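As a plain string of letters, each chain reads:
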Amino acid sequence: MADRPVLERPSWDEYFMKLTREVSTRTTCLRRAVGAIIVKDNRILTTGYNGVPTGMRHCGEVGCLRDQLGVPSGQRQEICRGLHAEQNAIIQAARYGIDIRGAKIYLTTQPCITCAKMLINVGITEIIYENSYPDELATAMLDEAGITHRQFAAPEE
């Protein structure tokens, strides 16, 4: 048998982060595209992206209320028609009866305080995110809860 070339496969983090970026392309948000994938034992359990609830008109149709009111990024999250990617991934798990306790979540953007609290309560054990988000309270609460959170380091090319 001839020697076969060794395939260069992505690490699990590289693989799931690439898929998370792809999930984010489904966003209906005009400001930021965010994707989430919940993974357990290297198997995808659910996905989510940021956008309006099912059946609602997208922000591209009705406009962005936060833009209209001049709300800066990272402030007044309750003034938004959309759900965050993490929230949609958690809702998908609840809707279909998928146990996500002990799972990891891959995100294109670090979670805000609201999502951090939800991730703590559903039993996520690790958060891997690509882009940082300035929310010190979220970071402090994740630390206090003992949840590993780290920024994804893309491999050098």
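Small disclaimer: the values here were computed from a predicted structure and weren't measured.

**Student:** Looking at this model, I keep getting lost on the side chain of threonine 28. Mind explaining?
**Tutor:** As for its placement among the helices and strands, threonine 28 is situated in the loop between helix 1 (12–24) and strand 1 (35–40). Contact partners of threonine 28, with chain neighbours within four places excluded, come to Asn50, Gly51, Val52, His58, Cys59 and Gly60.

**Student:** What's the story with the sheet that holds strand 2 (residues 43–49) in this structure? I'm lost.
**Tutor:** By definition, the strands of a sheet pair up through backbone hydrogen bonds, in either a parallel or an antiparallel sense. Spatially, the five strands line up as an open sheet ordered 2-1-3-4-5, and their pairing is mixed. Each edge of the open sheet carries a strand with a single partner, namely strand 2 and strand 5 (148–151). Taking the axes of each pair of neighbouring strands and ignoring which way they run, one obtains an average angle of 20 degrees across the sheet. Where strand 1 meets strand 2, six bridges bridge the pair, whose relative direction is antiparallel. From the neighbouring strand, isoleucine 37 faces strand 2, where its bridge partner is threonine 47. Contacting strand 1, strand 2 and strand 3 (104–109), helix 4 (residues 85–96) crosses the sheet at an angle of about 130 degrees to strand 2.

**Student:** Any chance you could explain the environment of glutamine 75 here in plain terms?
**Tutor:** Among the structural elements, glutamine 75 can be located in the loop between helix 3 (65–69) and helix 4. Accessibility expressed as a relative area gives 42% for glutamine 75, which makes it partly exposed. When the C-alpha atoms of glutamine 75 and methionine 141 are compared, they prove to be 18 Å apart, with 66 residues separating the residues in sequence.

**Student:** How do you make sense of the environment of isoleucine 79 when you look at a structure like this?
**Tutor:** Mapped onto the fold, isoleucine 79 is located in the loop between helix 3 and helix 4. Between the alpha carbons of isoleucine 79 and isoleucine 38 there is a distance of 26 Å; along the sequence they are 41 residues apart. Those residues within four positions of isoleucine 79 in sequence are excluded, and the remaining contacts are Leu65, Arg66 and Leu69.

**Student:** What exactly am I supposed to notice about helix 5 (residues 113–122) here?
**Tutor:** Think of an α-helix as turning once every 3.6 residues; residues three or four places apart then point the same way. All buried positions along helix 5 are accounted for by Ile113, Cys115, Ala116 and Leu119. The buried residues of helix 5 occupy an angular sector of 160 degrees when projected down its axis, which confines them to one face. One or two residues past the end of helix 5 sits glycine 123, with phi positive at roughly 90 degrees.

Rules behind the numbers
Residues numbered from 1 in each chain as written. Predicted model: local features only at pLDDT ≥ 70, side-chain atom pairs only at ≥ 80, totals over all residues. Heavy atoms only, no water. Helix = DSSP H or I, 4+ residues; strand = E, 2+ residues; numbered from the N terminus. Contact = heavy atoms within 4.5 Å. Pairing = 2+ DSSP bridges. Axes fitted to C-alpha atoms, helices over the stretch in contact; angles between N-to-C directions. Buried < 20%, exposed > 50% of the residue type's maximum accessible area, 1.4 Å probe, protein only. Arc of directions from axis to C-beta.

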